[in-house]
Amino acid sequence: MKIVLEHLTKKFLSRQIKNEIVVAVNDFNFEIPDGKLVGLLGPSGCGKSTTLNLICGLETPTSGKIYFGDLDVTMLPPENRGVGMVFQNYALYPHLYPHLTVKQNIMFPLENLKGADKLSKETIEARALEAAKIVQIDGLMERKPSQLSGGQQQRVAIARALVKTPGVLLLDEPLSNLDARLRLQTREQIRRIQKETGITTIFVTHDQEEAMSISDLIIVMKAGVLQQMGKPQEVYNDPINLFVAQFLGNPAINTFDGYIKDGKVYIGEDCIGKRDAKDQEVTIGIRPEGFQPDKNGCFHCRFDRVETTGRDTSIVCHNDLCTSDPDIRAIVSGDEKIDVKDGVISFDLKDHKVHVFSKEDERVIR
């Protein structure tokens, strides 16, 4: 099912400052194609969860519209939207009903249907087993949630959301309570489940690696405003502004004070490229994988050390015009020859890994 947000805005009264209005979501416009998995990401407090709550109906927008397909669902209650939602804390009812098994947890949403929607016991059990098979926990149906690992518990929560055969699946930080190994396993399971079911899915996370690894599209937010939407690698390779460039990537992009003069881009006295733009001061971002050691290279840094991390080598160096981490990190092949002369290392730079941003509005200069 396609999801469309038109000029969606949500304002709250601040809990900290009397009479102050907080704009949690600001004039959001985007369209999520049918059957895609979309990662909604940004730093804490940027409005990700509020956006999800608006889509599922737990919050009412201050203005704007929400469409599922051609249906305007802006004012529909959550139970009438055909949405399955999985929260950060699993919401498996063990604190309310400790006697409920995995099977009973999955069946719970169907057992509470009323009137014409009410289902027979046989149908409910069959649908619960089908959902459990999709998330590969059908062998755990008689266990209690407390007897499961964190990853298994999260899969029970997903099965409970799927059992209603929703048109839309919303996942709000579903992996944040898991350890690193389980996070990796569970995100792969989520991708598999989404591919098998074809349900349009929005996955909220502050972890950019998580979103980029499983999403068809990513949406990057900052302070309630959509910054950029696109395929993960396209957004990484072609960030629209400095915020997006800095938010995506691990290790983070290296940034420097620089300037454009006569169509050439400089960091200090080093000319590192060209841009068809007016003379101005700029911020220059260089991805760690954008450095190529070359004794005759155009960019010079003070060499510090080499760190080997498996297949890659990280060259750690310094430049007085660096504005990000004091350490500049250049990631190169483990077989790369590193030539240091008088404590200085020189690099050629891969032009498509170098991004130039205006000091005025931090937008990219192509």
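### What about the pattern of salt bridges?
Taken as a whole and assessed by the stated rule, the structure comprises 17 salt bridges. Notably, a salt bridge pairs Lys10 with Glu59, separated by 3.9 Å at the nearest N-O pair. Highlighted residues: Lys10 in strand β1 (residues 3-13) and Glu59 in the loop between α1 (48-56) and β4 (63-68), separated in sequence by 49 residues. Look at Lys10 and you get buried, because its relative accessible area is 11%. Ionic pairing is found between Glu196 and Arg192, a salt bridge with its closest N-O pair at 3.1 Å. Highlighted residues: Glu196 and Arg192, both in helix α5 (residues 180-197), separated by four residues, approximately one helical turn. The class of Glu196 is exposed, set by a relative accessible area of 52%. By relative accessible area, which is 21% here, Arg192 ends up partly exposed. Among the ionic contacts, a cluster of salt bridges with common partners joins Asp304, Arg305, Glu307, Asp327 and Arg329.

### A word on the packing of aromatic side chains
For the structure shown, the criterion picks out six aromatic pairs. Centre to centre, the rings of Phe243 and Phe247 are 5.8 Å apart; their planes meet at 20°, and the pair counts as stacked. One end of the pair, Phe243, and the other, Phe247, are both in helix α8 (residues 242-247), four residues apart, so they sit about a helical turn from each other. Owing to a relative accessible area of 15%, Phe243 belongs among the buried residues under this scheme. For Phe247, a relative accessible area of 15% puts it in the buried group. Ring centres 5.4 Å apart and planes at 85° place the aromatic pair Phe256 and Phe299 in the edge-to-face group. On the criterion of sequence distance, the pair formed by Phe256 in strand β11 (residues 254-261) and Phe299 in strand β16 (residues 299-309) is long-range, its members being 43 residues apart. Across the pair, exposure class does not vary: Phe256 and Phe299 are buried alike. Grouping aromatic residues by their ring pairs yields a cluster made of Phe256, Phe291, Phe299 and Phe347.

Thresholds, definitions, all that
- Residues numbered from 1 in each chain as written.
- Predicted model: local features only at pLDDT ≥ 70, side-chain atom pairs only at ≥ 80, totals over all residues.
- Heavy atoms only, no water.
- Salt bridge = Lys/Arg side-chain N within 4 Å of Asp/Glu carboxyl O.
- Helix = DSSP H or I, 4+ residues; strand = E, 2+ residues; numbered from the N terminus.
- Buried < 20%, exposed > 50% of the residue type's maximum accessible area, 1.4 Å probe, protein only.
- Phe/Tyr/Trp six-rings, centres within 6.5 Å; stacked < 30°, edge-to-face > 60°.

Functional significance is not addressed by these values, which are geometric in nature.
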